[in-house]
Amino acid sequence: MKQEERNIRPAFYIPFGYLYCVRLRSVAKLLSWLLLYILPTAFYAAVGYSCSWALFVLQYTLVLLATFTLYEAGYIINDTIATRHEKEPSLRLNDNETAYFFAHQWTILCTRIAISILCLAALSFTTPILSVSLSLTAMCILFALYNHWRNKYNVFLYMWLVFSRYIPFMLLCSHSTIIYILLFVSYPLLIGLERFSMPSYRWPLFWTIIPDEQSKARFRVIYYIILLLALVPYFCFANLPIIYLTPIAILAIYRILRLITNR
């Protein structure tokens, strides 16, 4: 379907609607998102969780809804308001879709905030929500700063912005520092490094390493292989559960298969 003919208006309001209709736009990319986001957050949030698994699924789902409903609002602002301050913006919306947002922006944003608050309210019946709420607030502040700071230096914020959407899940119970480190290197660090090679930023070192999409695929494979080669001996030496590396191992296999199949 051509961009001009699509109807994404409901996606402005519905959780995950904007993510799929505008950012992902294919089942293949959705599956990739599940591996890169749902897999590590679900796995590492579950590490050390001591309550029933039914309760974990409920709490995880509520945190996911609360988190990504707000994160999508950041996407929407990025694709509408922030692009007006860029010389060569990445235009994901057509003129009609952008006009619809500006005509209904407060309704859209308030709807998303209300959904997130309702999810947190439901979560509060099962666990304290102060730390999760503060984490979501920090995430929103980071996204607002990222959207406002439109120059090549905002790339330094990007990996922390991405990481901020991973952290709320960890606050369902206490975790050791190593879990946060593994979560950070599982994807936020990688995408943060890749960001330096994008046309809008063009940092020389990373542009040399990642000049095109094919080299980006190779870089991802090398990243996960080096990560595993460093972490496996360390985990053995430190007597840490090797199962903690499961998401990273799965992502390494995924990246190798993507490189082999050229997808």
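Structure shown above.
In every chain, residue numbers begin from 1 and rise along the written sequence. Residue-level local features of this predicted model are given only where pLDDT is at least 70; pairs of side-chain atoms are given and counted only at 80 or more, and the full residue set underlies all totals for whole chains, interfaces and linings. Note that water and hydrogens are dropped before the side-chain values are worked out from all heavy atoms of the structure.

1. Brief notes about the overall build of the protein chain
Consideration 1: Regarding its fold elements, the protein chain presents twelve helices and zero strands.
Consideration 2: Where helices and strands are cited, they refer to DSSP runs of H or I of at least four residues and of E of at least two residues respectively, numbered from the N terminus. Ordered by position from N to C terminus, the α and β elements of the protein chain give α-α-α-α-α-α-α-α-α-α-α-α.
Consideration 3: This radius of gyration counts C-alpha atoms alone. The globule rule is 2.2 Å times how many residues there are, raised to the power 0.38. Against the compact-globule benchmark of 18 Å for 263 residues, the protein chain has a radius of gyration of 19 Å, which places it among compact chains.
Consideration 4: Considered along the principal axes of its C-alpha atoms, the protein chain spans approximately 60 × 50 × 35 Å.
Consideration 5: In the protein chain, which comprises 263 residues, the share counted as buried stands at 47%.
Consideration 6: The contact criterion used throughout is that any non-hydrogen atoms of two residues lie within 4.5 Å. In the protein chain, once contacts between residues fewer than 6 apart in sequence are set aside, the share between residues at least 24 apart is 71%.
Consideration 7: Surface accessibility of the protein chain: about 13700 Å² in total, with carbon and sulfur atoms responsible for 69%.
Consideration 8: We count Lys and Arg on the positive side and Asp and Glu on the negative side, and we leave His and both chain ends out. Lys charges are placed at NZ, Arg charges at CZ, Asp charges at CG and Glu charges at CD. The protein chain carries 21 positive and 11 negative side-chain charges, and their two centres are separated by 5 Å. Throughout, exposure labels follow a simple rule: accessible area from a 1.4 Å probe, protein chains only, divided by the maximum for the residue type, with under 20% read as buried, over 50% as exposed, and the rest as partly exposed. Per-residue and other accessible areas were derived by the Shrake-Rupley procedure at a 1.4 Å probe size, with only the shown protein chains allowed to occlude residues.

2. With respect to the pattern of salt bridges
Consideration 1: Only one rule defines a salt bridge in this text: a Lys or Arg side-chain nitrogen within 4 Å of an Asp or Glu carboxyl oxygen. This structure, assessed with the given rule, holds four salt bridges.
Consideration 2: The partner of Asp 79 in a salt bridge is Arg 23, and the shortest N-O contact between them spans 2.9 Å. Placement of the pair is Asp 79 in helix 3 (residues 53-80) and Arg 23 in helix 1 (residues 17-24), with a sequence separation of 56 residues.
Consideration 3: For Asp 79, a relative accessible area of 3% translates into the label buried.
Consideration 4: By relative accessible area, Arg 23 is classed as partly exposed at 22%.
Consideration 5: Two residues, Asp 79 and Arg 92, come together in a salt bridge whose shortest N-O distance is 3.0 Å. Highlighted residues: Asp 79 in helix 3 and Arg 92 in the loop between helix 3 and helix 4 (95-123), separated in sequence by 13 residues.
Consideration 6: Here Arg 92 falls in the partly exposed class, since its relative accessible area comes to 27%.
Consideration 7: Ionic contacts of the salt-bridge type, sharing partners, join the residues Arg 23, Asp 79 and Arg 92 into one network.

3. Here we look at helix 2 (residues 27-46)
Consideration 1: For helix 2, spanning 20 residues, the distance from its first C-alpha to its last is 26 Å, which sits close to the expected 28 Å at 1.5 Å a residue.
Consideration 2: Bend is computed residue by residue as the angle between axes fitted to the seven residues ending at the residue and the seven residues starting at it. A bend of about 30 degrees at Ile 38 is the largest found in helix 2, and the proline Pro 40 appears one to four places after it.
Consideration 3: Among all positions in helix 2, only Ser 32, Trp 33, Leu 36, Tyr 37, Ile 38, Pro 40, Thr 41, Tyr 44, Ala 45 and Ala 46 are buried.
Consideration 4: Summarising the contacts, the buried residues of helix 2 are in contact with helix 1, helix 3, helix 7 (167-170), helix 8 (177-186), helix 11 (213-237) and helix 12 (246-261).
Consideration 5: A positive phi of about 85 degrees marks Gly 48, the residue just after helix 2. One fewer than the residue count of a helix, multiplied by 1.5 Å, yields its expected span.

4. Here we look at a nonpolar patch on the surface
Consideration 1: Among the surface-exposed residues, Ile 225, Leu 229, Ile 253, Ile 256, Leu 257 and Ile 260 lie close enough to one another that they form a single nonpolar patch of about 590 Å² accessible area.
Consideration 2: Here Ile 225 is to be found in helix 11. Patch rule: a residue counts if its relative accessible area is over 30% and it has no salt bridge; like charges are joined within 9 Å, and nonpolar side chains (Val, Leu, Ile, Met, Phe, Trp, Tyr) within 5 Å.

5. Notes on the packing of aromatic side chains
Consideration 1: Centres within 6.5 Å are what make two rings of Phe, Tyr or Trp a pair, Trp counting through its six-membered ring; a difference in plane orientation under 30 degrees is then read as stacked, over 60 as edge-to-face, and the rest as tilted. Here the structure, examined in full by the defined rule, presents 29 aromatic pairs.
Consideration 2: On the numbers, 6.0 Å between centres and 20 degrees between planes, the contact of Phe 16 with Phe 68 is stacked. Taken together, the positions of Phe 16 in the segment before helix 1 and Phe 68 in helix 3 put the pair 52 residues apart, joining distant regions of the chain.
Consideration 3: Using a relative accessible area of 0% as the deciding quantity, one classes Phe 68 as buried.
Consideration 4: Their ring planes at 85 degrees and their centres at 5.6 Å tell us that Trp 53 and Phe 56 sit as a pair that is edge-to-face. Residue Trp 53 and its partner Phe 56 are located together in helix 3, separated by three residues, close to a single helical turn.
Consideration 5: Assessed through its relative accessible area of 8%, Phe 56 is described here as buried.
Consideration 6: We call a charge positioned over a ring when the NZ of a Lys or the CZ of an Arg lies within 6 Å of the ring centre and within 35 degrees of the ring normal. Across from the ring centre of Tyr 37, 5.2 Å away, lies the NZ or CZ of Arg 165, which sits over that ring.
Consideration 7: Looking at Arg 195, its charged tip hangs above the ring of Tyr 158, at a distance of 4.0 Å from the centre.

Remember that the coordinates give geometry; whether it matters functionally is a separate question.
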